[in-house]
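Chain by chain, the residues run as shown.
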Amino acid sequence: MEFKPLTSEDKPKIRFLVVDDSVFARKNICKMVEAFGGEIAGEAGDGIAAIAKYNDTLPDIVLMDITMPKMEGIEAVEHIVRDHPEACIVMVSSVGYQDNILSALQKGARHFVQKPVKPEAFYEIIRYVLSENPEPAPTTVGEAQS
Amino acid sequence: MNMELIQPFINSVDAVLSETMRCSPRMADVTMEQGSYQRTGIAAQVVLSGEIEGRIILDMDAIAAGQAASDFSEITGAPTDEIIREIVCELTNMVIGNSVTQLNDRGFKFRVHPPELFMLDVGPHGTLDSETVLLRFELPKGAVYLNISVHVTSAAMVGSRT
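Residues numbered from 1 in each chain as written. Chains lettered and ligands numbered in written order. Predicted model: local features only at pLDDT ≥ 70, side-chain atom pairs only at ≥ 80, totals over all residues.

*Asks:* Help me out: how do you make sense of the interface of chain A and chain B in this one?
*Replies:* It is common to report an interface's size as the accessible area lost on association of the parts. Contact residues are listed per partner, giving 17 residues for chain A and 17 residues for chain B. Contributing elements (two or more residues each) for the side of chain A that touches chain B: helix 1 (23–35) and helix 4 (98–107) of chain A. The element that contributes the greatest number of residues to the side of chain A that touches chain B is helix 1 of chain A, accounting for three residues. Of the residues contributing to the side of chain A that touches chain B, the split by class is eight nonpolar, six polar and three charged. (Contact = placed C-beta atoms within 7 Å. Helix = DSSP H or I, 4+ residues; strand = E, 2+ residues; numbered from the N terminus. Nonpolar A, V, L, I, M, F, W, Y, C, P; charged D, E, K, R; others polar.)

Here you go:
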């Protein structure tokens, strides 16, 4: 299936941070993001690495797993949103019970997608979340340097 | 172990493998395990703690694991052992994650730990308070085993469930 590339007013490509402890899951999500016309700003395998990577790359959107070693996704959301209230984070997890979803949303996540991820539904959710968040994230460190 | 605990796992194997491998797994056998778990192929384990405690092992025989890797990764040629192990781990994560979602929505509160590859040829015994059930699913190519050794803790028995 072909997807209309995701863009915002002043950015030709939406930049994604993909967080999942499974390398395979990350590659799979990255492949979908690229099919949506997005760009991978970074990848992380746990919550602590995700916080560091967010600060380094300031992505437009974060796709965050929940069950991870070292620090779980919901706790990482809390840290990121505390420092970056504009952060746009979508939880992507196989564990989709109400308490988890509610907790992630209360901590500042914008949406929740349950694995296995269906690309069509995933695309629509990302598009919806981006449309809710018309203010693009600040210029990234990488872009500022180039 | 009652059906209330088992059924979500059966539903999830069906849902996740149908979605990711585009096939309908057929439940071929259910047995109670007495001794140590004998790994068949590539296996991953997830531990639960809270009102339901225990561990679940998803074990794919070599044929099923190879097929899953081909279907799921969309790679051409033979997938490497590393890719196969990664994919079995991720399938385990999805099957168990979907199962515990159903159990949690029925009122059980517990924590799921990240999946780990199960490398031992012989696994742990079931314990006195955790009966072990082995489910065998047949796929068009190969078989998948789900070894469930969980129990409801006393904290969960205080409240009543529907």
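*Asks:* Teacher, can you tell me more about the pairing of strand 2 (residues 42–50) of chain B here?
*Replies:* For a regular strand, the rule is simple: side chains alternate between the two faces of the sheet. All names here are of chain B. Sheet topology places strand 2 next to strand 3 (residues 52–60); seven bridges connect them, and they run antiparallel. The partner of Ala43 across the bridge, within strand 3, is Asp59. Taking the residues that link successive antiparallel strands as the turn, the strand 2-strand 3 hairpin has one residue. The pairing of strand 2 with strand 5 (residues 116–118) spans three bridges and is classified as antiparallel. Bridging across to strand 5, Ala43 finds its partner in Phe118. (Pairing = 2+ DSSP bridges.)

*Asks:* Before we go on, may I ask you to explain the nonpolar core in this structure?
*Replies:* Generally speaking, nonpolar side chains in soluble globular proteins are found buried as a group. With 86 residues, the main nonpolar core has Val62(A), Leu63(A), Met64(A), Ala68(B) and Val88(B) as its most contacted residues. With ten residues, helix 3 (residues 81–105) of chain B is the single largest residue contributor to this core. Not counting residues within four places of it along the chain, the set of residues in contact with Met64(A) comprises Val19(A), Ala50(A), Gly73(A), Ala76(A), Val77(A), Ile89(A), Met91(A) and Val92(A). (Core = buried A, V, L, I, M, F, W, Y, C linked by C-beta atoms within 7 Å. Buried ≥ 20, exposed ≤ 12 C-beta atoms within 10 Å, placed from the backbone.)

*Asks:* Just checking my understanding: could you explain the environment of Ile6(B) for this structure?
*Replies:* Along the chain, Ile6(B) turns up in helix 1 (residues 3–21). Each C-alpha atom, one on Ile6(B) and one on Ile148(B), is 8.1 Å from the other, the two residues being 142 residues apart in sequence.

*Asks:* Could you clarify how one ought to interpret the sheet that holds strand 5 (residues 111–114) of chain A in this entry?
*Replies:* Strand pairs in the sheet, formed through backbone hydrogen bonds, run parallel or antiparallel to each other. Residue and element names in this part refer to chain A. The five strands lie next to each other as 2-1-3-4-5, forming an open sheet whose pairing is parallel. At either margin of the open sheet sits one strand with a lone partner, and together these are strand 2 (39–44) and strand 5. On average, each strand axis in the sheet is inclined to that of its neighbour by 20°, with strand direction left out of account. When strand 1 (residues 15–19) meets strand 3 (residues 61–64), the two strands line up parallel, connected through four bridges. Counted as the bridge partner of Val19 is Met64 from strand 3. Contacts from helix 5 (residues 119–132) reach strand 3, strand 4 (89–93) and strand 5 within the one sheet, and its direction differs from that of strand 5 by about 175°. (Axes fitted to C-alpha atoms, helices over the stretch in contact; angles between N-to-C directions.)

*Asks:* Please explain the packing of helix 3 (residues 73–83) of chain A against helix 4 of chain A as it appears in this structure.
*Replies:* In helix packing, the relevant descriptors are the interaxial angle and the interaxial distance, both defined with respect to the helix axes. Residues and elements named next belong to chain A. In contact at an axis separation of 8 Å, helix 3 and helix 4 are set at 15° when each is read in the N-to-C sense. When the interaxial angle is binned, helix 3 and helix 4 end up roughly parallel. Where helix 3 crosses over helix 4, the handedness of that crossing is right-handed. Residues Ile74, Val77, Glu78 and Val81 of helix 3 touch helix 4, and the partners they reach there are Ser103, Ala104 and Lys107. Considered class by class, the residues forming the contact of helix 3 with helix 4 number four nonpolar, one polar and two charged. (Parallel < 35°, antiparallel > 145°, perpendicular 65-115°, else oblique. Left-handed = near helix turned anticlockwise from the far one by under 90°.)

*Asks:* For this particular structure, what's the right way to read helix 2 (residues 62–73) of chain B?
*Replies:* The periodicity of an α-helix, 3.6 residues per turn, causes residues three or four positions apart to be oriented the same way. Residue and element names in this part refer to chain B. The terminal C-alpha atoms of helix 2, which comprises twelve residues, lie 16 Å apart, in line with the 16 Å expected from a rise of 1.5 Å per residue. The complete set of buried residues in helix 2 reads Ala64, Ala65, Gly66, Gln67, Ala68, Ala69 and Phe72. As for helix 2, its buried residues are in contact with helix 1, strand 2, strand 3, helix 3 and strand 7 (143–152). (Expected span 1.5 Å × (residues − 1).)

*Asks:* Looking at this structure, I do not really get the pairing of strand 3 of chain B. What am I missing?
*Replies:* Residue and element names in this part refer to chain B. Burial analysis of strand 3 places nine of its nine residues in the buried class, the great majority of the element. Every second residue of strand 3 is oriented toward a common face, with Ile52, Gly54, Ile56, Leu58 and Met60 on one face and Glu53, Arg55, Ile57 and Asp59 on the other, all of them buried. One ladder, built from nine bridges, connects strand 3 with strand 7; its direction is antiparallel. Its bridge partner lying in strand 7, Gly54 is registered against Val150.

*Asks:* Can you walk me through unusual backbone geometry in this structure?
*Replies:* Negative phi is the rule for most residues except glycine; trans is the rule for most peptide bonds. Cis geometry marks the peptide bond from Lys115(A) to Pro116(A); its omega dihedral reads 0°. Within the chain, Leu58(A) stands out as a residue other than glycine whose phi angle is a positive 40°. The residue Leu58(A) is located in the loop between helix 2 (47–57) and strand 3 in this model. Not every positive phi belongs to a glycine, and Arg22(B) is a case in point at roughly 55°. Following the sequence through the fold, Arg22(B) ends up in the loop between helix 1 and strand 1 (26–33).

Nothing here speaks to function; it is geometry throughout.
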